[in-house]
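Chain by chain, the residues run as shown.
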Amino acid sequence: MKILFVVTSHDELGNTGKKTGFWVEEFAAPYYLLKDAGFDITVATPKGGQAPIDPKSEDPDAQTTATKRYYQDEEVKNIIANTKKLSDQKAADFDAVFYPGGHGPLWDLAFDKDSQQLILDFYNNEKPVAAVCHAPGVFKDIVLENGNPFVKDKNVTGFSNSEEEAVQLTEIVPFLVEDELKKSGGHYTSTDDWGVHVVQDGLLITGQNPASSDGVAEKLMSVLKK
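Residues numbered from 1 in each chain as written. Predicted model: local features only at pLDDT ≥ 70, side-chain atom pairs only at ≥ 80, totals over all residues. Heavy atoms only, no water.

### Looking at the pattern of salt bridges
Then step 1. A complete count under the given rule lists eight salt bridges for this structure.
Then step 2. Residues Glu-74 and Lys-77 are paired through a salt bridge, measuring 3.3 Å at the closest nitrogen-oxygen approach. One end of the pair is Glu-74 and the other is Lys-77, both in helix α3 (residues 74-81) and three residues apart, which spans about a single turn.
Then step 3. For Glu-74, a relative accessible area of 55% gives the class exposed.
Then step 4. Accessibility expressed as a relative area gives 28% for Lys-77, which makes it partly exposed. (Salt bridge = Lys/Arg side-chain N within 4 Å of Asp/Glu carboxyl O. Helix = DSSP H or I, 4+ residues; strand = E, 2+ residues; numbered from the N terminus. Buried < 20%, exposed > 50% of the residue type's maximum accessible area, 1.4 Å probe, protein only.)

As structure tokens, then:
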């Protein structure tokens, strides 16, 4: 079975002069869990080529068994350096789509028409859509055929307002994931900051934060194996 991982191309943290990108753990943990289970994974970004890593995700306190494996894995680092172009990907070629977080997606994937259409194509063809941490923000402008927002009346989670406040980026990010999911009519829930919280609503699977990335991948795997 084939899974498409969609990763950000955006590397500027607003007007701070600092860098952002994807969060290594939120890519690595699901990637290895699914890869080790025999899934075939393709990684795509809006621009193709090198996907930028959020420097904060390389801090010592953000490291896990999965990230340590990633840093030693030349094959997967080469995949990240040479991602496919998102506009070339078709839902028909995959069984599921997964969006890792990091702050980057709030600037590019949340407004990317190719990404929005791709998510609709997966969902409308009864293929699971999964996202963790900031990545549920990519649903913000997606509209279903009936005119409703994609997350309307769905149970969802994502990076909480209090977690954004804790990392002191509330005034920097273009929007708050929690606020946007609620504004779109989603039934948003969260747990304590940095706690594990994974929500599944049919084919839609979301996780609150980096600690939840394993859980999202596990739920995705259980859906695909049914």
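### Notes on the side chain of Ser-9
Then step 1. Note on placement: Ser-9 falls in the loop between β1 (2-6) and α1 (24-36).
Then step 2. The class of Ser-9 is buried, set by a relative accessible area of 9%.
Then step 3. Here Ser-9 is in contact with Thr-45, Pro-46, Lys-47, Gly-48, Pro-52 and Asp-108, once residues within four sequence places are set aside. (Contact = heavy atoms within 4.5 Å.)

### Some thoughts on the sheet that holds strand β2 (residues 40-45)
Then step 1. One open sheet holds the seven strands; their spatial order is β3-β2-β1-β4-β5-β9-β8, and the pairing between them is mixed. Both outer strands of the open sheet, β3 (84-85) and β8 (198-201), are each paired with one neighbouring strand and no more.
Then step 2. Pairing between β8 and strand β9 (residues 204-207): four bridges, direction antiparallel. Counted as the bridge partner of Val-199 is Thr-206 from β9.
Then step 3. With respect to the sheet, helix α7 (residues 213-224) is in contact with β1, β4 (96-99), β5 (129-132), β8 and β9, its orientation differing from that of β9 by roughly 165°. (Pairing = 2+ DSSP bridges. Axes fitted to C-alpha atoms, helices over the stretch in contact; angles between N-to-C directions.)

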